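# Understanding the architecture of this molecule
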Amino acid sequence: MAYILAIESSCDETSASVCHDGEILSNIIATQKVHEQFGGVVPELASRAHMQNIVPVVDAAMKKAGIDIPSLDAIAFTQAPGLIGALLVGAEFAKSMALALGKPLISVHHMQAHVLANLINDPKPEFPFLCLTVSGGHTQIVECLSPYEMKVIGQTIDDAAGEAFDKTAKILGLPYPGGPLIDKYAKGGNPLAYKFPEPKISGLDFSFSGLKTSILYFLQNAGESMVYKETFTADEATRKKFVAENLENICASVQQRIVSILLNKLKKAVTETGITNVCIAGGVSANSGLRNGLTQMGEKHGWKTFIPPFEYCTDNAGMIAISAYYKFLRNDFEAMTVIPSARAEW
Ligand code: KG4
Ligand code: ZN
């Protein structure tokens, strides 16, 4: 019978969760709005916002779980990867609490936690399973043999899928983060209106930078061409008019291409590994096109597919709590000298 408090602060979400023997009792997420005006996350502002948010967020998570601080059996935190200043706030907060309470400290790998978010709710995937982890900073296909054994079998060689969404949104003049807005506009558009190219990358790796460039040229040429031209065929007013009049079709077409790139590689991974329990994770797994596409592909090929509830897709402490629970079962605790890290090995 263990209560674990988990803290996530790797990017622009301050989050705290309490779990009891693998059951999530609370998952409080404070999304930092300060970055919207800058079109991307500003690391220094993220650290400051985490410092302001962390006490009220932890307090709310404890209250929602209905337990008091002395009842906690361990404190967990995201150790890597992420923005170093942002990670430091969560790490030092967790260490201070563990030290003051005399309770063990558990460190969690943010990307592994995205994968394990699939173990929060029923029905759960059986091991081994494949997980397509798609976020603002990562695009990976992970082979998960157990909560303790994971292997990256494919990944992006340039931009992440979330970056492809966010950069497209920026080119379209939409605010950050653009992924959810592209998803929203795509719902009213025709995904076959424009045909953006699919990159030719061998194996299970991904590439999104070429797509971004073709979208850029497409818009600069007001939809007439996807190739670079010395002088653009359209002036700024024409380009803006083109985007305004065709926003839904552009969003639907871009989204369908990003989703098809992701799902085609996932299909290849299933064929190569023979693993048919298939999950998605990470912020981009909130995308309705990807969710529907995975479900349809699963039905067609006889896979069992799993998609975490929305609150466990984007950055959240619930996924840190479930990961910490499995570490707790093995007494896998961390020394107080641990420090966070911007990068992480698998
Ligand atoms: O996992 P996450 O919350 O943070 C990182 O660790 O990066 O992922 C954030 C990414 C952003 O790029 C955001 O635009 C994207 O997830 N995202 C979406 C949707 N919701 C979030 N992309 C497409 N469609 C969505 N509905
Ligand atoms: Zn994440």
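Residues numbered from 1 in each chain as written. Chains lettered and ligands numbered in written order. Predicted model: local features only at pLDDT ≥ 70, side-chain atom pairs only at ≥ 80, totals over all residues. Heavy atoms only, no water.

Geometry of an aromatic ring pair is reported as the spacing of the ring centres plus the angle between the planes. Inspection of every chain in the model, using the stated rule, returns nine aromatic pairs. Centre to centre, the rings of F328 and F333 are 5.8 Å apart; their planes meet at 65°, and the pair counts as edge-to-face. Judged by its relative accessible area of 33%, F333 is partly exposed. Through pairs of rings, three or more aromatic residues link up here, namely Y194, F196, F218 and F242. It is K184 that lies over the ring of Y185; its NZ or CZ is 5.2 Å from the centre. In this arrangement the basic side chain of R330 is found over the ring face of Y148, its NZ or CZ atom lying 3.6 Å from the centre. (Phe/Tyr/Trp six-rings, centres within 6.5 Å; stacked < 30°, edge-to-face > 60°. Buried < 20%, exposed > 50% of the residue type's maximum accessible area, 1.4 Å probe, protein only. Lys NZ or Arg CZ within 6 Å of the ring centre and 35° of its normal.)

The next thing to look at is the coordination of the zinc ion (ligand 2). Protein-derived ligands of the zinc ion (ligand 2) are H110 (NE2), H114 (NE2) and D315 (OD), with the metal-ligand distances lying across 2.1 to 2.2 Å. Around the zinc ion (ligand 2), the four donor atoms are arranged such that angles at the metal cover 92 to 150°; this shape is classified as irregular. Counting residues between consecutive donors of the zinc ion (ligand 2) along the chain gives the motif H-x3-H-x200-D. Highlighted residues: H110 and H114, both in helix α3 (residues 110-116), separated by four residues, approximately one helical turn. (Donors = N, O, S within 2.8 Å, 3.2 Å for Na, K, Ca; no water. Tetrahedral: all angles 85-135°; square planar, octahedral: opposite > 155°, others 65-115°. Helix = DSSP H or I, 4+ residues; strand = E, 2+ residues; numbered from the N terminus.)

Let us look at the packing of helix α1 (residues 43-65) against helix α2 (residues 84-101). Two numbers describe how α1 lies on α2: the axes approach to 9 Å, and their chain directions differ by 30°. Viewed along their axes, α1 and α2 adopt a mutual orientation that is roughly parallel. Judged by the twist between their axes, the crossing of α1 over α2 is right-handed. In this structure, α1 uses S47, H50, M51, I54, V55 and V58 to contact α2, whose residues at the interface are G85, A86, V89, G90 and F93. Each residue belonging to the contact of α1 with α2 can be placed in one class, and the counts come to seven nonpolar, four polar and no charged. (Axes fitted to C-alpha atoms, helices over the stretch in contact; angles between N-to-C directions. Parallel < 35°, antiparallel > 145°, perpendicular 65-115°, else oblique. Left-handed = near helix turned anticlockwise from the far one by under 90°. Contact = heavy atoms within 4.5 Å. Nonpolar A, V, L, I, M, F, W, Y, C, P; charged D, E, K, R; others polar.)

Parsing the protein chain into structural domains produces domain 1 (3-117 + 312-329) and domain 2 (126-307). The straight-line distance from the C-alpha centre of domain 1 to that of domain 2 is 28 Å. Summing the contributions of domain 1 and of domain 2, the shared interface buries around 1400 Å²; its carbon and sulfur component is 73%. By the criterion of area lost to domain 2, the three top residues of domain 1 are M111, V115 and C313, representing 40% of everything that side buries. Remark: the boundary between domain 1 and domain 2 carries zero salt bridges. (Domains from an automatic or database assignment. Buried area = accessible area lost by both parts, 1.4 Å probe. Salt bridge = Lys/Arg side-chain N within 4 Å of Asp/Glu carboxyl O.)

Moving on: the pairing of strand β3 (residues 23-31). Across eight bridges, the pairing between strand β2 (residues 13-20) and β3 is antiparallel. Bridging from a neighbouring strand, A16 pairs with I28 of β3. Count of turn residues in the β2/β3 antiparallel hairpin: two residues, of which D21 carries a positive phi of about 50°. (Pairing = 2+ DSSP bridges.)

This next bit is on the side chain of R257. Summarising the element assignment, R257 is placed in helix α7 (residues 236-273). Assessed through its relative accessible area of 8%, R257 is described here as buried. In terms of polar contacts, R257 uses its side chain to reach the side chain of E198, at 3.3 Å. Excluding its chain neighbours within four sequence positions, the residues that come into contact with R257 are K195, F196, P197, E198 and L211. (Polar contact = N/O pair within 3.5 Å; in protein donor to acceptor, adjacent residues only side chain to side chain.)

The next thing to look at is the pairing of strand β9 (residues 277-281). Within β9, five of the five residues are buried, leaving the element largely enclosed by the surrounding structure. The two faces of β9 match: N277, C279 and A281 on one face and V278 and I280 on the other face are all buried. Here four bridges tie strand β6 (residues 129-134) to β9, and the two strands are oriented parallel to one another. By the bridge assignment, T133 is partnered in β9 with A281. Across three bridges, the pairing between β9 and strand β10 (residues 304-306) is parallel. When the bridges of β10 are listed, N277 appears paired with K304. Of the crossover connections in this fold, the one passing from β9 over helix α8 (residues 288-301) to the parallel β10 is right-handed. (Right-handed = clockwise from strand over helix to strand, strands pointing away.)

The mixed open sheet is built from five strands, whose spatial order is β8-β7-β6-β9-β10. Strand pairing shows two members of the sheet lacking a second neighbour, β8 (149-155) and β10, which therefore form its edges. The average angle at which neighbouring strand axes cross in this sheet is 25°, direction not considered. Along the sheet, α7 makes contact with β6, β7 (139-146), β8 and β9, crossing β6 at roughly 160°.

Before going further, it helps to examine unusual backbone geometry. Between D122 and P123 the backbone carries a cis peptide bond, its omega angle lying at -5°. If you trace the backbone, P123 turns up in the loop between α3 and β6. P128 follows F127 through a cis peptide bond whose omega is -10°. In this structure, P128 sits in the loop between α3 and β6. One non-glycine residue, D21, adopts positive backbone phi at about 50°. The residue N331 is not glycine, and still its phi comes out positive at about 50°. Among the secondary structure elements, N331 is positioned in the segment after α9 (318-329). A relative accessible area of 56% places N331 in the exposed class.

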